[in-house]
Amino acid sequence: MWQYAATHEDFATALVEKYWKPERGNYKEQVEACFAHAGVLGVRFGYPQLDWRKIEQDLAAMLRKAKSMKKKGNLIDAALIAGYVMTITCREFKHDHLAYTPVMCGQKKTRF
């Protein structure tokens, strides 16, 4: 379908008119706001620890919003939200665990 739309402008326009139903809001900022629960659980590896339970609740609400948009036929916004949830969650998880280095058996722990 995408290949056909790429070569047939009238078909591409019809798809946009049918499925592009933008709602107001910056979904990237909304998903990033889900990660504003830093420091609640204290400090780990010298940095504030993220409260992943609260983050999970907020992200679940965003995914419910995406599911609702999909049901209404707003596929593009639903896909944008789902994409931001996946990419930002991976980025934040990686950042949250960046300072973690496992201690091998027999090695001494060193603090910097």
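See the structure printed just above.
Cut-off values and rules
Numbers given for residues are sequential positions, taken from 1 along each chain in its written order. Whole-chain, interface and lining totals are the exception, using all residues; otherwise, since this is a predicted model, local features are given only for residues with pLDDT of at least 70 and side-chain atom pairs are given and counted only at 80 or more. Only heavy atoms go into the side-chain values, all of them from the structure, while hydrogens and water stay out. Secondary structure counts use DSSP, requiring at least four H or I residues in a row for a helix and at least two E residues in a row for a strand, with both numbered from the N terminus. Three labels apply to residues, based on accessible area from a 1.4 Å probe with only protein chains included: buried if under 20% of the type maximum, exposed if over 50%, partly exposed otherwise in between. Any two residues having at least one pair of non-hydrogen atoms within 4.5 Å are treated as being in contact. We define a nonpolar core as any set of buried Ala, Val, Leu, Ile, Met, Phe, Trp, Tyr and Cys residues linked to one another through side-chain atoms lying within 4.5 Å. We count a salt bridge whenever a side-chain nitrogen from Lys or Arg sits within 4 Å of a carboxyl oxygen from Asp or Glu.

Chemist: How do you make sense of the overall build of the protein chain when you look at a structure like this?
Modeler: Of regular secondary structure, the protein chain possesses five helices and two strands. Counting from the amino terminus, helix and strand elements in the protein chain follow one another as α-α-α-β-β-α-α. Residues classed as buried in the protein chain amount to 21% of the 112 residues present. Taking the contacts inside the protein chain whose residues are at least 6 apart along the sequence as the reference set, 58% of them involve residues at least 24 apart.

Chemist: Explain the nonpolar core to me, please; I cannot follow it from the model alone.
Modeler: Nonpolar side chains in soluble globular proteins tend to be buried together. Of all hydrophobic cores here, the largest spans 14 residues; its most connected members are Val31, Phe35, Leu59, Met62, Ile81 and Val85. Breaking this core down by element, the ones donating at least two residues are helix H3 (27–33), helix H4 (52–72) and helix H5 (75–96). Take this core: its biggest share by element is five residues, from H4. Here Leu59 is in contact with Val31, Cys34, Phe35, Val85 and Thr89, once residues within four sequence places are set aside.

Chemist: I would appreciate a short explanation of the pattern of salt bridges in the present structure.
Modeler: Should their charged atoms come close, side chains of opposite charge can pair. In total, this model carries two salt bridges according to the counting rule given. Of the charged contacts in the structure, one is a salt bridge between Glu92 and Arg91, with a shortest N-O distance of 3.1 Å. With relative accessibility at 17%, the residue Glu92 sits in the buried group. Here Arg91 falls in the partly exposed class, since its relative accessible area comes to 40%.

Taken by themselves, the reported measurements are silent on function.
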